[in-house]
Amino acid sequence: MTPHKIAYNFTATLSLFPTENGGRKKPVYNHYRPSFAFSTLQHFSGEISFINREELKPGETATAVVKLLPSRHIRQNLKSGDSFTILEGDKIVGTGVIQRIEQENKIAITH
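No experiment lies behind these values; they were computed from the predicted model shown.

Conventions we followed
Residues numbered from 1 in each chain as written. Predicted model: local features only at pLDDT ≥ 70, side-chain atom pairs only at ≥ 80, totals over all residues. Heavy atoms only, no water. Core = buried A, V, L, I, M, F, W, Y, C linked by side-chain atoms within 4.5 Å. Buried < 20%, exposed > 50% of the residue type's maximum accessible area, 1.4 Å probe, protein only. Helix = DSSP H or I, 4+ residues; strand = E, 2+ residues; numbered from the N terminus. Contact = heavy atoms within 4.5 Å. Pairing = 2+ DSSP bridges. Axes fitted to C-alpha atoms, helices over the stretch in contact; angles between N-to-C directions. Polar contact = N/O pair within 3.5 Å; in protein donor to acceptor, adjacent residues only side chain to side chain. Phe/Tyr/Trp six-rings, centres within 6.5 Å; stacked < 30°, edge-to-face > 60°.

S.K.: Any chance you could explain the nonpolar core here in plain terms?
M.R.: Grouped together as the largest cluster of nonpolar side chains are 24 residues, with contacts concentrated most on Phe10, Leu14, Phe38, Leu68 and Phe84. At the level of elements, strand S1 (4-16), strand S4 (44-50), strand S6 (61-68), strand S7 (83-88) and strand S8 (91-108) are the ones that each hand at least two residues to this core. Here this core takes six residues from S1, the largest share from any one element. Ignoring sequence-local partners within four residues, the contact set of Leu68 consists of Ala7, Tyr8, Asn9, Phe10, Phe36, Phe38, Ser45, Gly46, Ile74 and Leu78.

See the structure below:
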């Protein structure tokens, strides 16, 4: 079996925590690159692009496309309805729920 990494692109509903509840003080913009955790202790890097808007302020909710960078450790069965946390370092700044998996890529690891 060839080892591989998996990359996901999916549409999700994202919510940033209000500043008074430990969230960010400033909004985030398209191409924001936080980390994501899917009910594990591992964090995965990715990028957020909002749909029909340029920014998301603390306390707001929006729909966005999330592109996760390839990883050999990410779950291979992400699906609609799965929830995740949005992190900056070890600080949780928001949450999200996958609405639709747009693309799942398996990339062979060459030695």
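Next comes the rest of the write-up.
S.K.: Please explain the environment of Thr40 as it appears in this structure.
M.R.: In this structure, Thr40 sits in the loop between strand S3 (35-37) and S4. C-alpha separation for the pair Thr40 and Ile74, spaced 34 residues apart in sequence, amounts to 9.4 Å.

S.K.: For this particular structure, what's the right way to read the sheet that holds S7?
M.R.: Adjacent strands of a sheet form backbone hydrogen bonds with each other and so pair up, either parallel or antiparallel. One closed barrel accounts for six strands, arranged S1-S6-S4-S3-S7-S8; its pairing is antiparallel. This sheet shows a mean twist of 45° between the axes of neighbouring strands, independent of strand direction.

S.K.: Help me understand the side chain of Ser71, please; the structure alone is not making it clear to me.
M.R.: Examined against the element boundaries, Ser71 turns out to sit in the loop between S6 and S7. By relative accessible area, which is 13% here, Ser71 ends up buried. Separated by 3.1 Å, the side chain of Ser71 and the backbone nitrogen of His73 make a polar contact. With residues near it in sequence (within four places) discarded, Ser71 still touches Lys5, Ile6 and Phe44.

S.K.: What is the right way to look at the packing of aromatic side chains in this model?
M.R.: Remark: the centre distance and the inter-plane angle together describe each pair of aromatic rings, the angle taken between the planes. The final tally for this structure, using the stated rule, is four aromatic pairs. On the numbers, 6.3 Å between centres and 80° between planes, the contact of Phe10 with Phe38 is edge-to-face. Remark: Phe38 occurs in the loop between S3 and S4 and Phe10 occurs in strand S1; sequence separation between them is 28 residues. We note that Phe10, like Phe38, is buried. Ring centres of Phe38 and Phe84 lie 5.4 Å apart, and the angle between their planes is 45°; on these two criteria the pair is classed as tilted.

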